[in-house]
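# Architecture at a glance
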Amino acid sequence: MTFQWRGALSVCGAFLFQLILGTTYTDGNMGPYIMSYLHKKVDSSQLLSSTIFIATIHPICQGSMIIPSGYLESKIGPRYASFISTILILGATTLTYFTIKMSFMMVLLTYGIMFGFGVSCGYGATISNGVQWFPNNRGLASGFVLAGYGLGAFIFNPIQSLIINPHNNPPSKNGFFEEDGVLERIPKTFLILGAIYFTVQMIGCVLICRPSEQTVSEEKPVEEISLTPLEIIRRKEFYLLWLSMFCTTTSLSFVSAMYKTYGETFIRDDRYLAILGSVTSIFNCLGRITWGLLMDRFQFVNCMRALTSIGACLLFTMPITFIGGKIIYTIWCMAVYFTLAGVFAMAPAACSNFFGKKYMSANYGLIFTNNIACGVIVALLTSLLISRIGYNGLFFILGAFCTVGCILTFVLEGVLNKKPNHCEKNRQINKVP
């Protein structure tokens, strides 16, 4: 089989694998169902706002384990690292059938922590694999692989809602679903999802493989440096990339976790909001590919500057969407996902360009630790401030985060321009003058 076809199949396998990892974006859809079951069947003191802890525990666990996962991938290869991820996600999903009948903390243990660890094992490995196959088109390769992550909610949001709430019963005035038929279907949904996730991920595992040195040399990639994780933590561009990604990821994480809860404040249609989650995931997917292509053509700092500027404008104006109802809210959500999700395609490519692709999985794992801080910040903002300043105040804070991310791109550009040695060749790849 030719290099191009084998590489294409491996990248397609990584895309399929990321499709399941991207079901973390369904937390906004599943959260109200999970909290409704716990509130009605297990513990009546549970609050709907606690859904944010499910959404934030995923990036915290993913960020905390992605560095050792990167080292694991370098030792055993992307296929076996992906297989370990498959087993963890299968266990996390199916065990939630039992833990949801016990307590909220047990749900956090399985559907939150265990699932997050599973995502971390396969996330960096599949991205790095795509970049290794196509080193001259890193932005496009990482963007295509991560498009699967963005597309996960498009496929699984409606599946989840169709299984749990086939008759589109609306939540009660307090936001909880209280119809017995809806509640009884929630636990078994995790068994069905577990079976689907396992099947899709195993297909991905079969297709994924690491390119040999001979096949990579055929692509004639640009000569570059190879910095280890211990070396990049002594470089300013690492911290600037970490901070700029943190500002953007925090904003997107809040929207993905709370879009349904916020939407329910003025839209009384559960099925519509579930469909909205699916539609926005298409834009999440397209945004990653589009920004990845732009990353290959233009400067990273210019692309990131545009991304954070647009994101800030969208978040500052999000509170006015209730005026236009479903239509305006839908347009804004699609635009937020299309814009902010681009950072997940550009950051891995920038990491590879700045520090080399040899240790990319572990290096990107270091940058991805921003998700730990992101998860903590989003949880604190929601639990401590939402009752005081409301959603409008939180959207203003998130808009400010994106503004800070935009300012950081100017600082990063100055740092890159001053590097005489290690980044000289990578500046040429990045088209930084």
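The text that follows walks through the structure, step by step, so that each part is easy to find. (Residues numbered from 1 in each chain as written. Predicted model: local features only at pLDDT ≥ 70, side-chain atom pairs only at ≥ 80, totals over all residues. Heavy atoms only, no water.)

### Regarding unusual backbone geometry
- In this structure, Asn-168 is a non-glycine residue whose phi angle is positive, near 55°.
- Take Asn-168: it is sitting in the loop between helix 6 (138–164) and helix 7 (180–207). (Helix = DSSP H or I, 4+ residues; strand = E, 2+ residues; numbered from the N terminus.)

### Description of helix 11 (residues 270–297)
- Between its first and last C-alpha atoms helix 11 spans 41 Å; for 28 residues at 1.5 Å apiece the expected length is 40 Å, and the two agree.
- N-cap assignment for helix 11: the residue whose side-chain oxygen lies 3.1 Å from the backbone N of Tyr-272 is Asp-269. (Expected span 1.5 Å × (residues − 1). Polar contact = N/O pair within 3.5 Å; in protein donor to acceptor, adjacent residues only side chain to side chain.)

### Some remarks on empty space enclosed by the protein
- Scanning the model with the defined rule gives three cavities of 30 Å³ or more in all.
- Computed from the structure, the largest cavity encloses a volume of approximately 250 Å³.
- Considering the residues around the largest cavity, the lining is formed by 18 residues, among which Thr-24, Tyr-25, Pro-59, Tyr-149 and Ser-253 are closest to the centre.
- Going through the elements one at a time, helix 2 (27–42), helix 3 (51–76) and helix 10 (236–263) are the ones with two or more residues in the lining of the largest cavity.
- Per element, the largest residue contribution to the lining of the largest cavity is five residues, and it comes from helix 10.
- Class assignment for the residues of the lining of the largest cavity results in nine nonpolar, eight polar and one charged.
- Its volume calculated, the second largest cavity comes out at about 40 Å³.
- Along the walls of the second largest cavity sit Phe-254, Val-255, Met-258, Tyr-259, Tyr-262, Met-318, Tyr-329, Cys-333 and Phe-395, which together make up its complete lining.
- Among the secondary structure elements, those contributing two or more residues to the lining of the second largest cavity are helix 10 and helix 13 (321–340).
- If you tally residues by element for the lining of the second largest cavity, the top one is helix 10, at five residues. (1 Å grid on protein atoms, 1.4 Å probe; cavity = no way out; pocket = protein on both sides within 12 Å on 5 of 7 lines; lining within 4 Å. Points joined across faces, edges and corners; volume = space filled by probe spheres on them. Nonpolar A, V, L, I, M, F, W, Y, C, P; charged D, E, K, R; others polar.)

### As for the packing of helix 5 (residues 104–133) against helix 15 (residues 360–368)
- For the pair helix 5 and helix 15, interaxial distance at closest approach is 9 Å and the crossing angle is 130°. Considering the angle they form, helix 5 stands oblique to helix 15. As helix 5 runs across helix 15, the sense of the crossing is right-handed. Between helix 5 and helix 15, the contacting residues are Tyr-123, Gly-124, Ala-125, Ile-127, Ser-128 and Val-131 on the first element and Met-360, Ser-361, Tyr-364 and Phe-368 on the second.
- Of the residues in the contact of helix 5 with helix 15, the class split is seven nonpolar, three polar and no charged. (Axes fitted to C-alpha atoms, helices over the stretch in contact; angles between N-to-C directions. Parallel < 35°, antiparallel > 145°, perpendicular 65-115°, else oblique. Left-handed = near helix turned anticlockwise from the far one by under 90°. Contact = heavy atoms within 4.5 Å.)

### Comments concerning the layout of surface pockets
- The computed volume of the second largest pocket comes to approximately 220 Å³.
- As for the second largest pocket, its lining consists of 14 residues, of which Leu-48, Asn-174, Gly-175, Thr-261 and Thr-265 are closest to the centre.
- Breaking the lining of the second largest pocket down by element, the ones donating at least two residues are helix 10 and helix 16 (370–418).
- Its residues assigned to classes, the lining of the second largest pocket comprises five nonpolar, six polar and three charged.

### Details of the pattern of salt bridges
- In total, this model carries four salt bridges according to the counting rule given.
- Glu-413 is paired through a salt bridge with Arg-305; the nearest N and O atoms lie 3.1 Å apart. Separated by 108 residues along the polypeptide, Glu-413 in helix 16 and Arg-305 in helix 12 (residues 300–317) bring together distant segments of the chain. Of the two residues, Glu-413 and Arg-305, neither departs from the other in class, the shared state being buried. (Salt bridge = Lys/Arg side-chain N within 4 Å of Asp/Glu carboxyl O. Buried < 20%, exposed > 50% of the residue type's maximum accessible area, 1.4 Å probe, protein only.)

### So, the packing of aromatic side chains
- All chains considered together, the criterion is met by 23 aromatic pairs.
- Centre to centre, the rings of Phe-156 and Tyr-197 are 5.2 Å apart; their planes meet at 80°, and the pair counts as edge-to-face. Taken as a pair, Phe-156 in helix 6 and Tyr-197 in helix 7 lie far apart in primary sequence, 41 residues in all.
- According to the relative accessible area criterion, Phe-156 is buried, its value standing at 3%.
- When the ring centre of Tyr-97 is taken as reference, the NZ or CZ atom of Lys-101 above it lies at 4.0 Å. (Phe/Tyr/Trp six-rings, centres within 6.5 Å; stacked < 30°, edge-to-face > 60°. Lys NZ or Arg CZ within 6 Å of the ring centre and 35° of its normal.)

### Digging into the environment of Leu-385
- Residue placement: Leu-385 occurs in helix 16.
- Once residues lying within four places of it in the same chain are set aside, the contact partners of Leu-385 are Leu-380, Gly-390, Leu-394 and Ile-397.

### Side note on the state of the cysteines
- Within this structure, the stated rule accounts for zero disulfides.
- The closest cysteine sulfur to the non-disulfide-bonded Cys-205 is located on Cys-121, 11 Å from its own sulfur.
- Take Cys-205: its relative accessible area is 4%, and that puts it in the buried class.
- Note on Cys-209: no disulfide assigned, nearest cysteine sulfur contributed by Cys-12 at a separation of 12 Å.
- In this structure Cys-209 comes out as buried when scored by relative accessible area, which is 15%. (Disulfide = S-S within 2.5 Å.)

### Description of the environment of Ala-362
- Summarising the element assignment, Ala-362 is placed in helix 15.
- Here the alpha-carbon distance between Ala-362 and Pro-229, two residues 133 residues apart in the chain, equals 6.6 Å.
- Non-local contacts of Ala-362, meaning those with residues more than four positions away in its chain, are made with Gly-70, Tyr-71 and Pro-229.

### Focus: the side chain of Gln-160
- Checked against the element boundaries, Gln-160 lands in helix 6.
- Here Gln-160 falls in the buried class, since its relative accessible area comes to 0%.
- Those residues in contact with Gln-160 that sit more than four places away from it in its chain are Thr-26, Asn-29, Met-30, Leu-193 and Tyr-197.

### Topic: a nonpolar patch on the surface
- Where nonpolar side chains cluster on the molecular surface, the patch consists of Ile-76, Tyr-80 and Ile-84 and spans about 270 Å² of accessible area.
- Of note, Ile-76 is situated in helix 3.
- By relative accessible area, Ile-76 is classed as partly exposed at 32%. (Patch = residues over 30% accessible without salt bridge, like charges linked within 9 Å, V, L, I, M, F, W, Y side chains within 5 Å. Areas by Shrake-Rupley, 256 points an atom, 1.4 Å probe, with all protein chains shown as cover.)

That is the geometry; function is a separate question.
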